[in-house]
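Observations on chain architecture
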Amino acid sequence: MTETEKAFLAALKNMLHPGNSALHPGSSTFHPAGSADMEKEPDEETDWMAVLNMAKKQSMLPLVYDAATAFPSFASVEDSLADYFTSAIATMSKQMQKTDAFLALYRSFLAAGLAPITMKGIICRDLYGERADYRPSGDEDILIEKKDYERAVAVLESCGYEKEEEPDKDMAVIQEVTFHGRDLSIELHLNPFGVSSSRRERMNDWFKNVFQSEETVQIKGVFVRTMQPTDHFLFLVFHAFKHFLFSGFGVRMMLDILLFAEKYGDRIDWDYIDRGLTDVGANGFLADLMEIGNRYLGFPFPQGDHSMFFGKTVCPDDLLEDMFQMGTFGNTSDADRTAGRIVADTLQKGKHRESRLGSYLRLLFPSWRTWCAWRPYLKDRPWMVVCEWFRRVARYLRGETSTSNLKELDKSYGIAEERMALLGKYGVL
């Protein structure tokens, strides 16, 4: 772990659990910061600009900037980091507008007799208490029953939201429909994870009964419906695991999971969580997230029933390094996004490795299943895939796709190989 990564984690730990000692798994004694590696706090040698650049890559700048102000070594250089302060304030201000826009929209849903289930987003931000809007969200995700789709669309359109594109007519294959408003984007889900793979279909199966719950969270005077804690925690872990399998995910998503477990741990059915994670092969994944939280961020795990996961750790430090490398969603650069495509294709084929030539051809000529995930209308009009292929080749020849740059493709293949090696440790490949 680099000194910058250590300082990044130490700042967050000091903000979240100041003075808290973490009980390291397998030990009966408490350690000052959960790990000997983390005992040294940021000092005058800390490169705070590098720490803040890392925070931007992780979409956590306001949180980390605020955490950094607790250290004297940051105060001595803060004047030279004015641009980061301005960016952090702008991010917070924009998030406050998004939060208000969502709550106004949710009031409109309630007035229309609808109460969509809110996932992630504002529910996770609420875990940060007074720092709720320090944690930005790209959009808000809501889940509805298929029978309520038209009514939900009517509410969104009446509030000035417009569809990004017309969805597939087959309601069974739609994962979400995106709507854009002046201050906010909404992903209107008909299922949580889509149906593009058997693993995602199994993930969806664990949420068939969520509409039977009446769990609500009060945010700024608005009662927002969400999943009960066991379901929502499982959803958060599945969501992170989904991103991990393809393009990676970042520290912010891990932090949401750990904060949720800390707040709602005594209401979570951990045996149910264990069964769900076993179904999709993610037990070791959660065990490693909780190990990282204990070791580097001061989360008081293990405690209670979720201690069962500490016997299942796989490679927590490798997972943490992947989070640092891949950023928020593993899409920091074109090379990262292309690497995600290579990994996704490999998972679909169930192979450990494919030749570079095979990977390049698959990027240029995606599989039928991939095309159907991108363009659901092709299921009803399969002959149109030829037109899509021609358009893709034309864009390639004009240099409009990342696959046109062979040097970048080599970089992408290298990233993909490293990620596939990590997936192999978790038994996914």
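Counting from 1, residues in each chain are numbered in the order their sequence is written. For a predicted model such as this one, the threshold for reporting local features is a pLDDT of at least 70, and the threshold for listing and counting side-chain atom pairs is 80 or more; totals across whole chains, interfaces and linings nevertheless cover every residue. The basis for every side-chain value is the complete set of heavy atoms in the structure, and neither hydrogens nor water enter the calculation.

**Points about empty space enclosed by the protein**
The method is simple in principle: a probe with the dimensions of a water molecule rolls over the atoms, and the space it marks as empty is what remains. Counted only if it meets this: Only protein atoms enter the 1 Å grid used here. Points where a 1.4 Å probe fits but cannot escape make up a cavity, open sets with protein on both sides within 12 Å along at least five of seven lines make up a pocket, and a residue lines them when an atom lies within 4 Å of a point. Grid points are joined across faces, edges and corners, and a volume is the space filled by probe spheres set on the points. A run of H or I in DSSP counts as a helix once it spans at least four residues, and a run of E counts as a strand once it spans at least two, with each numbered from the N terminus.
Scanning the entire structure with this criterion turns up one cavity of 30 Å³ or more. Quantified by volume, the largest cavity comes out at close to 50 Å³. In this structure, the largest cavity is lined by Ile123, Glu215, Val217, Thr226, Met227, Pro229, His232, Phe260 and Tyr264. Sorting the residues of the lining of the largest cavity by element identifies helix H9 (229–246) and helix H10 (251–264) as the ones contributing at least two each.

**Describing the environment of Gln228**
Stated precisely, the cut-off is as follows: Note on exposure labels: buried denotes an accessible area under 20% of the residue type's maximum, exposed denotes more than 50%, and partly exposed covers the range between, all computed with a 1.4 Å probe on protein chains only. By definition in these notes, contact holds between two residues if any of their heavy atoms fall within 4.5 Å.
Within the secondary structure, Gln228 sits in the loop between strand E9 (222–225) and H9. For Gln228, a relative accessible area of 23% gives the class partly exposed. Distance from Gln228 to Thr216, taken between C-alpha atoms, is 8.2 Å for residues twelve residues apart in sequence. What Gln228 contacts, discounting residues up to four positions off in sequence, is Ser213 and Glu215.

**Section: the layout of surface pockets**
Rules: Any residue that is not Ala, Val, Leu, Ile, Met, Phe, Trp, Tyr, Cys, Pro, Asp, Glu, Lys or Arg is counted as polar, Gly included; the first ten are nonpolar and the last four charged.
For the second largest pocket, the calculated volume is near 320 Å³. Forming the boundary of the second largest pocket are 17 residues, of which Lys146, Leu190, Asn191, Phe207 and Lys208 lie nearest the centre. It is helix H8 (residues 198–205) that contributes the most residues to the lining of the second largest pocket, three residues altogether. Its residues placed into classes, the lining of the second largest pocket shows eight nonpolar, four polar and five charged.

**Examining the confidence of the model for the chain**
Short version of the rule: Values of pLDDT, the confidence the predictor places in each residue, fall between 0 and 100.
Confidence in the prediction of the chain, expressed as mean pLDDT, is 85, and 81% of residues score 70 or more. Predicted confidence for residues 22–37 stays below pLDDT 50, and this span has 36 contacts to residues more than four positions away or in other chains.

**Quick word on unusual backbone geometry**
The phi dihedral of Lys120 is positive, around 55 degrees, even though this residue is not glycine. Within the fold, Lys120 resides in the loop between strand E3 (117–119) and helix H6 (121–125). Residue Lys120 is classed as buried on the basis of its relative accessible area, which comes to 16%. The phi dihedral of Lys220 falls on the positive side, at around 50 degrees, and the residue is not glycine.

**Focus on the pairing of strand E8 (residues 216–219)**
Counted only if it meets this: Two strands pair if DSSP finds at least two bridges between them.
Burial along E8 is one-sided: Val217 and Ile219 are buried, while Thr216 and Gln218, pointing the other way, are not. In this sheet, E9 lies alongside E8 in antiparallel orientation, the contact comprising four bridges. Looking at E9, one finds that Ile219 is bridged to Val222. Here E8 folds back onto E9, and the loop between the two strands holds two residues, one of which, Lys220, carries a positive phi near 50 degrees.

**Description of the sheet that holds strand E6 (residues 176–180)**
Note the following rule: Note on geometry: axes are C-alpha line fits, over the in-contact stretch for helices, and angles between N-to-C directions span 0 to 180 degrees.
Pairing is mixed across the open sheet formed by five strands, whose spatial order is E3-E4-E7-E6-E5. Edge positions in the sheet fall to E3 and strand E5 (162–163), since each has one partner strand and no second. Taken together, the three bridges between E3 and strand E4 (residues 140–143) define a ladder with antiparallel strand orientation. Looking at E4, one finds that Ile117 is bridged to Leu143. Strands in contact with helix H7 (residues 149–158) are E5, E6 and strand E7 (185–189); relative to E7, the strand with the most contacts, it is inclined by about 175 degrees.

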